[in-house]
Each structure stands twice: as C-alpha cells, then as structure tokens.
Amino acid sequence: SQAGVFHVMSRIIDRRLLLVDRDACTFFMQILRAYEELLGVEVITHCLMGNHFHLLLRVPHRPEGFDLPLETLVARLERAVGAECFSFIRRDLEFWERTGNAGAIEEWRQRQLARMFSLSEFVRCLKQRFTWWHNRRTGREGTLWERRFTSVIVEDAERALRTVAAYIDLNPVRAGLVSDPGDYEWSGYGEAMRGGLRARRGVVRIIGQMAWPRATAAQARPWGPDAFPATVGRRALVMYRALLGGQGREKRAADGTLLRRGLSEKARNRLTTPDERLLRAEILTRRIRHFSRGVILGSREFVDGWFSTHRDICRGKSRTDRQTGARSLGRPALRGLYSFRNPVAP
C-alpha cells in the first residue's frame, strides 16, 4: 500500500446531516482514534462537517520486520469493532486455542498485521463501522456513503501540511458554524484547544521543527511528534493559531460582495497574537465550556459515587465493564476536578 500524507474526504449519501448529532460525532471520534491505533495510520487533523468529513492522514511505510503480539492485536481490535462484533472473533480464537490449532491463530494474527499501514483499509473500516452503528441505531439498511472516498496526496513537508491542515480546521468558520475555529468541537484544532494529546501531536507534526526551541531542536528528530514536552506542544499551538488567523481572511469581490466567509478582524488579531498566556486562558475556558456538556462535575469521589448509582446511563460495554466514572479535566489549572462524560461506547 502507498505511504505518504493524504487529505481524505467522504460524504454521506444524499448529503444527509448525520454528523451533527452529538452521539454520532462522539462515536465517530471514538472509532477514528481506535482505528488509528489499530492500523498504524496517524490522524494529523480532522473535521466533521454534518454531511461529510475531512481527514489529514499520514500513512507510514511498514517498518522492516514489523510485528505485534497477539494480545496487543486482540485488545486494539476489540476497541475498534466493539464488544459485540468482537465476541464472534473471540469465539473463534478460543476454539482454536482449545483444540490446539496454533496455526489458525497465527494465520489470523498475520492477516491483522497485513491490514496495517493502508489508507484504503483505514477509511473502509472507519466508514463500515460507523455505518453498522448508525444503521443498527436507526433501524435502516444499506450503504451510508456516496461512492468511494476522495484523497489528495499531500507533500510531507511543513508548508504543504500547514496549508491543507488550515483549510480543514477553518471549514467550520467558512461554513458559518462558528466565528472562531477553536469553538468547533469536532475538529483537530478544537480538540487541541481542549487539551487533546493526540490532536496536539498533530499540531506538532504540522508545525514541525519550528515548534522546538533552538536549544532543544536537536532533540526533535529522535523524539518525533509522538513524544514531546508540553512546552513544545504549546509553542506549536501558538504558531498554528497564527497560521489559522493568517489564512482565515474573508474574501470579497471588488464591489464588496462576500465571496468566502472568514474570521472577523477581532478574531484574527487574537489568533495571531503570539502570547502563550492568552493561549492558556483560552484553553482553560474551552475545557470548562466543553466539559460542562458532560453529565456531572466535581471531585473524583463525588463523580464516582454518582456513577455507581447511575450506571444505566452508559451504553454498550461501558454499562457492564466500566469501573469508574470520573475523568480528569486536565492539569494543572483544573487539577482535582473530574467529569463524567462520553457515556456512548463503541
């Protein structure tokens, strides 16, 4: 399969607005991250836009001698396909183990490894899993997506990555959904502004070496975008905000007719101000706002106590297997506060 960076877009059939429902968007993001882990494809940024989605993906070359143990593959696959679907796979694996058929188990493991590092397999699995979930939830049948997905090869260089990533993360502003891209919950930039570590990793990937101070720039190459100091993540986010501010200008004709929506002058000035203190204040505000959409907020003991008596609000595997309800709101400014959220399980 071809390695590289790709801008992927796929639209829902008849342009139905299915990616506006909160449960649907939450579920889509859960499986997006699960298949990212399972198939070794890196999501640099993303945006869910009601009747379609945009993804900026990096598909690595398969490493020489790449391998994963059976236990790791099993755990990752279950997170991606869900407990119900995986029960059939587990039944086969347990049968082969009971009958001493190690060859069948190894053949299955090799098939899972062969699926990895493939753009088409990643998008196929993502769309198929969402279709299955949506159809079962709504009682419909049949395909959910128009044709095959479209993909554009993007040069794996900072300028090209920044241009395409900014286009994706500015989509909600162009569509008139928000006035500031950080206010949009279902995008890579919005997720990064709420403290999402995987989304921050994408921002570091987009900004590249410029995110690293000169004193530590030499460490950027061995550490890569998967392991970086918090200071580098914040520096990358400040730079990416400025990029969005610069590319988010509205476009007007000579007679003043609006041709393309953009950021207000006030929003552009705020985004392009390289002040990390301002960034931290905005991150704190957004975390509180988005997490207030959870079910309950308070100390770990308070949230877990409430969860223990209201477990039936969860769906799927979380209803039976989830051990605690409390999820931290982040650190350091929100240390000690917890929320119960995302009751929908894949």
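The structure we're discussing is the one just above.
What counts as what
Starting from 1, residues in each chain are numbered consecutively following that chain's sequence as written. With pLDDT at 70 or above as the cut-off, local features in this predicted model cover only qualifying residues; side-chain atom pairs require 80 or more to be listed or tallied, and sums for whole chains, interfaces and linings still use all residues. Where side-chain values are given, they derive from all heavy atoms of the structure, hydrogens and water being excluded. For each residue, the accessible area found with a 1.4 Å probe, counting protein chains only, is set against the maximum for its type, and the residue is called buried under 20%, exposed over 50%, and partly exposed in between. The secondary structure listing takes helices from DSSP runs of H or I that are at least 4 residues long and strands from runs of E that are at least 2 residues long, numbered from the N terminus. Strand pairing is defined by DSSP finding a minimum of two bridges between the two strands. Working convention: axes come from line fits to C-alpha atoms, limited for helices to the stretch in contact. Angles between N-to-C directions cover 0 to 180 degrees. Note on angle classes: values under 35 degrees are labelled roughly parallel, values over 145 roughly antiparallel, values of 65 to 115 roughly perpendicular, and the remainder oblique. Any two residues having at least one pair of non-hydrogen atoms within 4.5 Å are treated as being in contact. As a working rule, the residues Ala, Val, Leu, Ile, Met, Phe, Trp, Tyr, Cys and Pro are called nonpolar, Asp, Glu, Lys and Arg charged, and the rest polar, with Gly in that last group. We call Phe, Tyr and Trp rings a pair once their centres come within 6.5 Å, taking the six-membered ring for Trp, and we label the pair stacked below 30 degrees between planes, edge-to-face above 60, and tilted otherwise. The criterion is that NZ of a Lys, or CZ of an Arg, lies within 6 Å of the ring centre and within 35 degrees of the ring normal, and then a charge sits over that ring. The handedness criterion is simple: a crossing whose near helix is rotated anticlockwise from the far helix by less than a right angle is left-handed, and one whose near helix is rotated clockwise is right-handed. One side-chain nitrogen of Lys or Arg within 4 Å of one carboxyl oxygen of Asp or Glu is enough to make a salt bridge.

A. Region of interest: the pairing of strand 2 (residues 42-48). In terms of burial, strand 2 is a largely internal element, seven of the seven residues being buried. Two strands pair when backbone bridges link them, and strand 2 and strand 3 (residues 52-59) are joined in this way by six bridges, in the antiparallel orientation. Following the sheet pairing, L48 is matched in strand 3 by F53. Counted along the chain from strand 2 to the antiparallel partner strand 3, the turn is three residues long, and its residue G50 has a positive phi close to 80 degrees.

B. Spatial organisation of the packing of helix 6 (residues 158-169) against helix 11 (residues 230-247). Relative orientation of the contacting elements helix 6 and helix 11 amounts to 75 degrees, with a least axis distance of 10 Å. Taken together, helix 6 and helix 11 sit at an angle that is classed as roughly perpendicular. Where helix 6 approaches helix 11, its residues R162, T163, A165, A166 and D169 are matched on the opposing element by Y240, L243, L244 and Q247. Its residues assigned to classes, the contact of helix 6 with helix 11 shows five nonpolar, two polar and two charged.

C. Spotlight on the packing of aromatic side chains. All told, the structure shown has nine aromatic pairs when counted by the stated rule. Judged by centre distance (6.4 Å) and plane angle (40 degrees), the rings of F27 and F130 are tilted. Of this pair, F27 sits in helix 1 (residues 22-39) while F130 sits in helix 5 (residues 119-138), and the two are 103 residues apart along the sequence. Each member of the pair, F27 as well as F130, carries the same accessibility label: buried. Their ring planes at 70 degrees and their centres at 5.7 Å tell us that F28 and F130 sit as a pair that is edge-to-face. Residue F28 is found in helix 1, and its partner F130 is found in helix 5; the two are separated by 102 residues along the sequence. The same class applies to F28 and to F130, which are both buried. Linked through ring pairs, F27, F28, F53, F130, W133 and W145 together constitute an aromatic cluster. Sitting over the face of the ring of F149, R148 holds its NZ or CZ atom 4.2 Å from the ring centroid.

D. Highlighting the environment of A24. Structurally, the position occupied by A24 is in helix 1. In this structure A24 comes out as buried when scored by relative accessible area, which is 2%. A24 sits 113 residues away from R137 along the chain, and the two C-alpha atoms are 10.0 Å apart. Not counting residues up to four positions away in its chain, the partners in contact with A24 are L18, L19, F130, W133 and R137.

E. Structural detail: the packing of helix 3 (residues 83-98) against helix 4 (residues 102-114). Between helix 3 and helix 4, whose axes approach to 7 Å, the crossing angle comes to 145 degrees. The chirality of how helix 3 crosses helix 4 is left-handed. Note on element contacts: helix 4 touches helix 3 through A104, I105 and W108, opposite I89, L93, W96 and E97. Here the contact of helix 3 with helix 4 is built from residues that sort into six nonpolar, no polar and one charged.

F. Summary view of the pattern of salt bridges. Counted according to the given criterion, the structure contains 24 salt bridges. Across the pair R198 and E36 runs a salt bridge, and its minimum N-O distance is 3.3 Å. Of this pair, R198 sits in helix 9 (residues 197-207) while E36 is found in helix 1, placing the two residues 162 residues apart along the sequence. Take E36: its relative accessible area is 5%, and that puts it in the buried class. Across the pair R270 and D180 runs a salt bridge, and its minimum N-O distance is 2.0 Å. Taken together, the residues span a long stretch of sequence, with R270 in helix 12 (residues 265-271) and D180 in the loop between helix 7 (171-174) and helix 8 (188-193) at a distance of 90 residues. By relative accessible area, which is 25% here, R270 ends up partly exposed. Three or more residues are tied together by salt bridges with common partners; here these are R33, E36, E191, R198 and R201.

G. Expanded view of the sheet that holds strand 4 (residues 150-154). Pairing within the open sheet is antiparallel, and its four strands lie in the order 2-3-1-4. What marks the edges here is a single partner per strand, and that holds for strand 2 and strand 4. In this sheet, neighbouring strand axes are inclined to one another by 15 degrees on average, regardless of whether the strands run parallel or antiparallel. Packed on one face of the sheet, helix 1 meets strand 2 and strand 3 and runs near 165 degrees to strand 2. Packing against the sheet, helix 9 makes contact with strand 2 and strand 3, and its axis sits at approximately 110 degrees to strand 2.

H. Inspection of the environment of A165 at higher detail. With respect to the helices and strands, A165 occurs in helix 6. For the pair A165 and G202, spaced 37 residues apart in sequence, the C-alpha to C-alpha distance is 9.4 Å.

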